[in-house]
Amino acid sequence: MTHEVRAVVARQKGAPVSVETILVPDPGPGEALVRVQACGVCHTDLHYREGGINDAFPFLLGHEAAGIVESVGEGVTDVAPGDFVVLNWRAVCGTCRACSKGKPWYCFATHNATQPMTLADGTPLSPALGIGAFAEKTLVAAGQCTKVDSTASPAAAGLLGCGVMAGFGAAVNTGGVGRGDSIAVIGCGGVGMAAIAGAKVAGASRIIAVDVDERKLKWAEQFGATDTVDSSRTDAVEAIRELTGGFGADVVVDAVGRPETFKQAFYARDLAGTAVLVGVPTPDLTLDLPLLDVFGRGGALKSSWYGDCLPSRDFPALIDLYLQGRFDLGDFVTETITLDDVEAAFAKMHHGDVLRSVVVL
Ligand SMILES: NC(=O)c1ccc[n+]([C@@H]2O[C@H](COP(=O)([O-])OP(=O)(O)OC[C@H]3O[C@@H](n4cnc5c(N)ncnc54)[C@H](O)[C@@H]3O)[C@@H](O)[C@H]2O)c1
Ligand SMILES: [Zn+2]
Ligand SMILES: [Zn+2]
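The model shown is predicted, which means the values in this text are computed figures rather than measured ones.

**As for the pairing of strand 12 (residues 206–211)**
Now for step 1: Across the six residues of strand 12, five count as buried, placing the element largely inside the fold.
Now for step 2: Pairing of strand 12 with strand 13 (residues 227–230), which is carried by four bridges, proceeds in the parallel orientation. Within the sheet, the bridge partner assigned to Asp 211 lies in strand 13 and is Asp 230.

**Looking at the sheet that holds strand 8 (residues 126–127)**
Two strands in a sheet stick together by hydrogen bonds in their backbones, pointing the same way (parallel) or opposite ways (antiparallel).
Now for step 1: One open sheet holds the five strands; their spatial order is 7-2-1-4-8, and the pairing between them is mixed. Edge positions in the sheet fall to strand 7 (118–119) and strand 8, since each of these pairs with one other strand and no more.

**With respect to helix 8 (residues 259–268)**
Now for step 1: Taken together, the buried positions of helix 8 are Thr 261, Phe 262, Gln 264, Ala 265, Phe 266 and Ala 268.
Now for step 2: For helix 8, the elements touching its buried residues are strand 11 (182–186), helix 7 (236–243), strand 14 (249–254) and strand 15 (269–277).

**Observations regarding the sheet that holds strand 13**
Now for step 1: Read from one edge of the open sheet, six strands run 13-12-11-14-15-16, paired in parallel fashion. Two strands bound the open sheet, and with one partner strand each, they are strand 13 and strand 16 (300–303). Averaged over neighbouring strand pairs, the angle between their axes works out to 15 degrees when direction is ignored.

**Focus on helix 4 (residues 163–174)**
Now for step 1: With 12 of 12 residues buried, helix 4 lies mostly within the body of the structure.
Now for step 2: Buried within helix 4 we find Gly 163, Val 164, Met 165, Ala 166, Gly 167, Phe 168, Gly 169, Ala 170, Ala 171, Val 172, Asn 173 and Thr 174.
Now for step 3: One or two residues past the end of helix 4 sits Gly 176, with phi positive at roughly 65 degrees.

**Quick look at the site of ligand 1**
Now for step 1: In the vicinity of ligand 1, 33 residues are found, and the nearest of them are His 43, Ala 166, Gly 187, Gly 189 and Val 191.
Now for step 2: When residues of the shell around ligand 1 are traced back to their parent elements, those giving at least two are helix 1 (43–49), helix 4, helix 5 (190–202) and strand 12.
Now for step 3: Residues of the shell around ligand 1, tallied by class, amount to 15 nonpolar, 14 polar and four charged.
Now for step 4: Looking at the shell around ligand 1, you find at least three residues from each of domain 1 (2–161 + 328–360) and domain 2 (167–305).

**Section: the environment of Val 333**
Now for step 1: By secondary structure assignment, the location of Val 333 is in the loop between helix 10 (311–323) and strand 17 (335–337).
Now for step 2: In this structure, the C-alpha to C-alpha distance between Val 333 and Gly 40, residues 293 residues apart in sequence, is 8.3 Å.
Now for step 3: Residues within four places of Val 333 in sequence aside, it is in contact with Ala 155, Ala 156, Arg 356 and Val 358.

**Some thoughts on the environment of Ile 337**
Now for step 1: Structurally, the position occupied by Ile 337 is in strand 17.
Now for step 2: Look at Ile 337 and you get partly exposed, because 17 C-beta atoms sit within 10 Å.
Now for step 3: Placed 21 residues apart in sequence, Ile 337 and Val 358 show a C-alpha to C-alpha distance of 5.9 Å.
Now for step 4: With near-sequence residues (within four places) excluded, Ile 337 lies in contact with Ala 345, Ser 357, Val 358 and Val 359.

**With respect to the UniProt feature "domain: Enoyl reductase (ER)" (unreviewed entry) in the chain**
Now for step 1: The UniProt entry lists residues 14–361 under the feature "domain: Enoyl reductase (ER)" (unreviewed entry), expressed in the numbering used here.
Now for step 2: Across residues 14–361 one finds 28% helix and 25% strand; the C-alpha atoms that close the span lie 26 Å apart.

The rules behind the values
- Residues numbered from 1 in each chain as written.
- Chains lettered and ligands numbered in written order.
- Predicted model: local features only at pLDDT ≥ 70, side-chain atom pairs only at ≥ 80, totals over all residues.
- Buried ≥ 20, exposed ≤ 12 C-beta atoms within 10 Å, placed from the backbone.
- Helix = DSSP H or I, 4+ residues; strand = E, 2+ residues; numbered from the N terminus.
- Pairing = 2+ DSSP bridges.
- Contact = placed C-beta atoms within 7 Å.
- Axes fitted to C-alpha atoms, helices over the stretch in contact; angles between N-to-C directions.
- Near = placed C-beta within 6 Å.
- Nonpolar A, V, L, I, M, F, W, Y, C, P; charged D, E, K, R; others polar.
- Domains from an automatic or database assignment.
- UniProt positions renumbered as here; feature names shortened; annotations may be inferred.

Below, the structure is given as structure tokens:
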């Protein structure tokens, strides 16, 4: 059976998205059909529709989602119809060179559904990050479904599927921030704010939020920032050094992804500190740094894909912290909207009015 559902599609570069009827097939071997309950609007969706990721239009947008498994295909044993799941874009293969070395969070062969979802005329859609969840139903690989405590709110839980996990993990998994450490986070959107919240959970003693938008800095204090820096008025590197005894922070997370913010992260680290790039740069950007400084400052320059998370390990754990009141996942939901409001949500995100708009179905 093919399911006709409403979904948000980006047909061409830069053009406003449209809500269309799409066709979703029943799950084949290894696949799961999920009734989407909530899906957050991430900056990466906007990157897709701007043509910043690739040119495989039309895209089926949406990838920060939670929902209920409706049916599963042959051979699926890990999830069953009725399970409450958060969708992930890292269904680890278990056999690639990263997996076989015991580092599955780097898995180089993650998989998605093999059958295409299509427009009504049969044109195949490219689902954002292999998910495509601004849709009443979506088809994914069963390994993309991570079962979590079903008492969690779908709007909050879904955010773990991308931005919040990416930010939290950038600080905690990639940056390795821990008790007593100092951290600075440049860019306090959903991703950067999650890095701040993660650093708080991990016991960092100094958490410095940096943004060019004062409103974000106010919110950052609520999520655990101990200090804030408005880098539209102040030199971020100087300010971070001043707040850390003149040395710089142990870990600096760049949650913007531009050469100027990465340079700030590079120089605002203490000697032997770690800079983590989690913001996604566009293909036109290049970095120019004195090689002697790369050598002389030591430490580590790391990229963080999806916060180096392992969905099966991290999603249930973060949901438990949320339900115990130790991690403010619900506070990332600024507003709930419908499928028809995604374009307007992009504008709000662009203007910095929201942390996350979440489509609730
Ligand atoms: N690595 C990953 O796995 C991963 C996952 C999800 C999202 N991302 C990326 O993370 C980035 C942030 O996503 P988001 O959803 O939080 O976006 P967002 O638009 O909600 O937030 C961006 C924030 O950066 C601030 N900002 C912009 N320019 C700045 C500058 N020069 N200095 C300081 N702050 C600045 C903005 O005011 C805003 O608060 C995006 O590039 C997104 O694609 C990466
Ligand atoms: Zn693998
Ligand atoms: Zn995302």
